[in-house]
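Listed below, chain by chain, are the residues.
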Amino acid sequence: MRKEIICTVCPIGCHILAEGTKEADVIYTDVWVSMGEPDSVWEERIRTLSPYKVTRQVMDNAGKGSIFLHCLPAFHDLKTKIGREQGEKYGFTELEVTDEVFESEQSLVFDEAENRMHTIKAVIAATLGA
């Protein structure tokens, strides 16, 4: 039986990434440090969560038909100001997901964001009685 979701941020009950992602339909992760959190949490989060980074190997282990989701924003490269600053400070080029996976055909992160936008618009319309 295939797994539906493996959350790489909270790998509860899954101590071996390869075992937990084997033949998964969906690989989902979230940013490791949220906006507004102090700089002091970066080093610990990076050290603690680095083994759970979504890489090409993770996606290959999940299978060719698996998809990647992320609620955004994602630290997958150093093209943003915060990504560049924190990358220089803590020595990384990508955090929770590699750029290779983020930009791959398996990545549906922007479709996910678009769906979220339409859901939000529907809730607003329903709230306003439209």
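Cut-offs used in this document
- Residues numbered from 1 in each chain as written.
- Predicted model: local features only at pLDDT ≥ 70, side-chain atom pairs only at ≥ 80, totals over all residues.
- Heavy atoms only, no water.
- Helix = DSSP H or I, 4+ residues; strand = E, 2+ residues; numbered from the N terminus.
- Buried < 20%, exposed > 50% of the residue type's maximum accessible area, 1.4 Å probe, protein only.
- Phe/Tyr/Trp six-rings, centres within 6.5 Å; stacked < 30°, edge-to-face > 60°.
- Patch = residues over 30% accessible without salt bridge, like charges linked within 9 Å, V, L, I, M, F, W, Y side chains within 5 Å.
- Areas by Shrake-Rupley, 256 points an atom, 1.4 Å probe, with all protein chains shown as cover.
- Salt bridge = Lys/Arg side-chain N within 4 Å of Asp/Glu carboxyl O.
- Arc of directions from axis to C-beta.
- Contact = heavy atoms within 4.5 Å.
- Expected span 1.5 Å × (residues − 1).
- Core = buried A, V, L, I, M, F, W, Y, C linked by side-chain atoms within 4.5 Å.

### Some points on the environment of Met-35
So, step 1. Mapped onto the fold, Met-35 is located in the loop between strand 2 (26–29) and helix 2 (42–49).
So, step 2. A residue is classified by how much of its surface remains accessible, and Met-35, at 78% relative accessible area, is exposed.

### Looking at the packing of aromatic side chains
Here a ring pair, both rings aromatic, is described through the centre-centre distance and the interplanar angle of the planes.
So, step 1. What the rule picks out here adds up to four aromatic pairs.
So, step 2. Aromatic pair Trp-42 and Tyr-90: ring centres 6.2 Å apart, planes at 5°, arrangement stacked. Pair noted here: Trp-42 is in helix 2 and Tyr-90 is in helix 4 (residues 81–90), with a separation of 48 residues, a long-range link.
So, step 3. The class of Trp-42 is buried, set by a relative accessible area of 5%.

### Points about a nonpolar patch on the surface
So, step 1. Taken together, the side chains of Ile-120, Ile-124 and Leu-128 define a hydrophobic patch exposed on the protein surface, amounting to about 320 Å² of accessible area.
So, step 2. Considering the arrangement of structural elements, one finds Ile-120 in helix 6 (residues 109–127).

### Focus: helix 2
So, step 1. For helix 2, the full list of buried residues reads Trp-42, Ile-46 and Leu-49. Down the axis of helix 2, the sector holding all buried residues measures 90°, keeping them to one side. Exposed side of helix 2, more than 90 degrees from the buried face: Glu-43 and Arg-47 are the residues found there.
So, step 2. On its buried side, helix 2 packs onto helix 4.

### Quick word on helix 6
So, step 1. Helix length check: helix 6 (19 residues) gives 27 Å between terminal C-alpha atoms against 27 Å at 1.5 Å per residue, within 8%.
So, step 2. Residue Gly-129 follows helix 6 closely and has a positive phi angle near 80°.

### What about the nonpolar core?
So, step 1. Ranked by internal contacts, the top residues of the largest apolar core, which has 24 residues, are Ile-27, Trp-42, Val-54, Phe-68, Leu-95 and Val-97.
So, step 2. Of all elements in the fold, only helix 2, helix 3 (56–62) and helix 5 (99–102) reach the threshold of two or more residues within this core.

### Digging into the pattern of salt bridges
So, step 1. Scanning the model with the defined rule gives four salt bridges in all.
So, step 2. The closest approach of N and O atoms between Lys-89 and Asp-39, which form a salt bridge, is 3.6 Å. One end of the pair, Lys-89, is in helix 4; the other, Asp-39, is in the loop between strand 2 and helix 2, with 50 residues separating them in the sequence.
So, step 3. For Arg-56, the salt bridge identified is with Asp-60, shortest N-O distance 3.3 Å. Of the two residues, Arg-56 and Asp-60 both sit in helix 3, four residues apart, roughly one turn of that helix.
So, step 4. Owing to a relative accessible area of 19%, Arg-56 belongs among the buried residues under this scheme.
So, step 5. One salt-bridge network, held together by shared partners, links Arg-56, Asp-60 and Glu-100.

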